[in-house]
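Here is how the chains run, residue by residue.
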Amino acid sequence: MPDKTRTFLAIPVPDKIGEKLTRLQAQLAPDVPDVRWASATATAFHLTLAFLGDVADVDLVRLCRAVNDAAKPHAPFELRLEGLGCFPDPRKARVLWVGMTGPGLEPLARLQKEVAAAATQAGCPPEDNRFHPHITLGRIKVGRGPARDLSPILRHHQTWSAGSFRVSEAVVFASTLAPEGPIYAPLSTARLEGEKPETSP
Ligand code: 2AM
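Keep in mind it's a predicted model, so treat the numbers as computed, not measured. Counting starts from 1 at the beginning of each chain's written sequence and moves along it residue by residue. Local features in this predicted model are restricted to residues of pLDDT 70 or higher, and side-chain atom pairs are both shown and tallied only at a pLDDT of 80 or more, whereas totals for entire chains, interfaces and linings draw on every residue. Side-chain measures were taken over the full set of non-hydrogen atoms in the model, leaving aside hydrogen atoms and water.

This paragraph deals with the pattern of salt bridges. Pairing of side chains with opposite charge becomes possible as their charged atoms draw close. By convention in these notes, a salt bridge is any Lys or Arg side-chain nitrogen within 4 Å of a carboxyl oxygen on Asp or Glu. Summed over the entire model, instances satisfying the criterion amount to seven salt bridges. For the salt bridge of Glu 78 with Arg 166, the shortest nitrogen-to-oxygen distance reads 3.6 Å. Highlighted residues: Glu 78 in strand S4 (residues 77-87) and Arg 166 in strand S7 (residues 161-167), separated in sequence by 88 residues. Residue Glu 82 pairs with Arg 80 through a salt bridge whose shortest N-O separation is 2.7 Å. Categorising residues by exposure relies on relative accessible area from a 1.4 Å probe, with only protein chains included: less than 20% of the type maximum marks a residue as buried, more than 50% marks it as exposed, and the intermediate range marks it as partly exposed. Glu 82 sits in the partly exposed class, given a relative accessible area of 24%. The class of Arg 80 is partly exposed, set by a relative accessible area of 32%. For the purposes of this entry, the term helix denotes a DSSP run of H or I that reaches at least four residues, the term strand denotes a run of E that reaches at least two, and both are numbered from the N terminus.

Listed below in structure tokens is the structure:
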């Protein structure tokens, strides 16, 4: 059996935004019990571009190169974090997340499509081709009572925003599962080095 690494592609969230997400978690915690909250330190807040699952270690260098080549021509862009949501449904919440809005969604979708295609070409296809941009705040522990309806909480935080941050890199992460939760380690960082197209006057 070859050695494998659980791998995903993501945009890390800068510390300043991470602090706001941590404060939001603290505000939410009394109203949303039994949640395994994502941690700014242990797991690092991130926007997942593609979850690849187990990748053979011999393929990692090829994967990192492919992601780097695909990401490099993209220009950095601003992404605004705003509003809360749940997977699979606010009335049966399993994952609680922060969403994003604004013009940054377009370059984000282009970047995601191209790094996912590059990973596929490198022989490491994403497990799921759907992309719903979000940053996970926490995962609701299963088996603790009936399904949770978080709709009122989402409505209350509809306009909550952490502001914008500049996306300037895409990272290949290794995820190691541990009893206290996953530990993420960057394997390679691709800088977005493209020029922003001129906007017409
Ligand atoms: P997330 O972006 O919603 O947090 C590393 O495991 C990351 O990959 C997690 O942050 C997780 O979701 C994302 N991911 C997507 N699909 C996954 C899957 N099937 N198993 C584990 N993680 C997955």
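Below, the discussion takes up the nonpolar core. Within the largest apolar cluster, 54 residues are counted, with the highest numbers of intra-cluster contacts made by Leu 9 and Leu 21. Of all the elements, helix H2 (residues 60-71) adds the most residues to this core, at seven residues. A contact between two residues is defined here by any heavy atoms of the two lying within 4.5 Å. Once residues within four sequence positions are removed from consideration, Leu 9 is found in contact with Leu 47, Thr 48, Leu 49, Ala 50, Leu 52, Val 67, Val 115, Ala 119, Val 171 and Val 172. Counting residues in each nonpolar core, the second largest holds five residues, with Ala 10, Val 171, Phe 173 and Tyr 184 among its members. Among buried residues, the Ala, Val, Leu, Ile, Met, Phe, Trp, Tyr and Cys ones that are joined through side-chain atoms within 4.5 Å form a nonpolar core.

So, about the site of the ligand. As a matter of local geometry, the ligand sits amid Arg 6, Phe 8, His 46, Thr 48, Phe 51, Glu 127, His 134, Thr 136, Arg 139 and Tyr 184. A 3.5 Å cut-off defines polar contacts: any pair of N or O atoms within that distance qualifies, except that in protein one atom must be a possible hydrogen donor and the other a possible acceptor, and neighbouring residues in sequence count only when both atoms are side-chain atoms. His 46 places a side-chain nitrogen or oxygen 2.6 Å from an oxygen atom of the ligand. In the environment of the ligand, an oxygen atom lies 2.7 Å from a nitrogen or oxygen atom belonging to the side chain of Arg 139. Only the protein chains shown count as cover for residues, with accessible areas throughout obtained via the Shrake-Rupley method and a probe of 1.4 Å. Taking 460 Å² as the accessible area of the ligand by itself, protein coverage stands at 71%. Only strand S1 (4-12), strand S3 (46-56) and strand S6 (135-140) provide two or more residues apiece to the shell around the ligand. Among the elements that take part in the shell around the ligand, S3 stands out by supplying three residues, more than any other. Residues that form the shell around the ligand fall into these classes: three nonpolar, four polar and three charged. For this purpose, a residue is taken to be near a molecule or strand whenever a single non-hydrogen atom of the residue falls within 4 Å of it. All amino acids are sorted into three groups, where Ala, Val, Leu, Ile, Met, Phe, Trp, Tyr, Cys and Pro are nonpolar, Asp, Glu, Lys and Arg are charged, and the leftover types, Gly among them, are polar.

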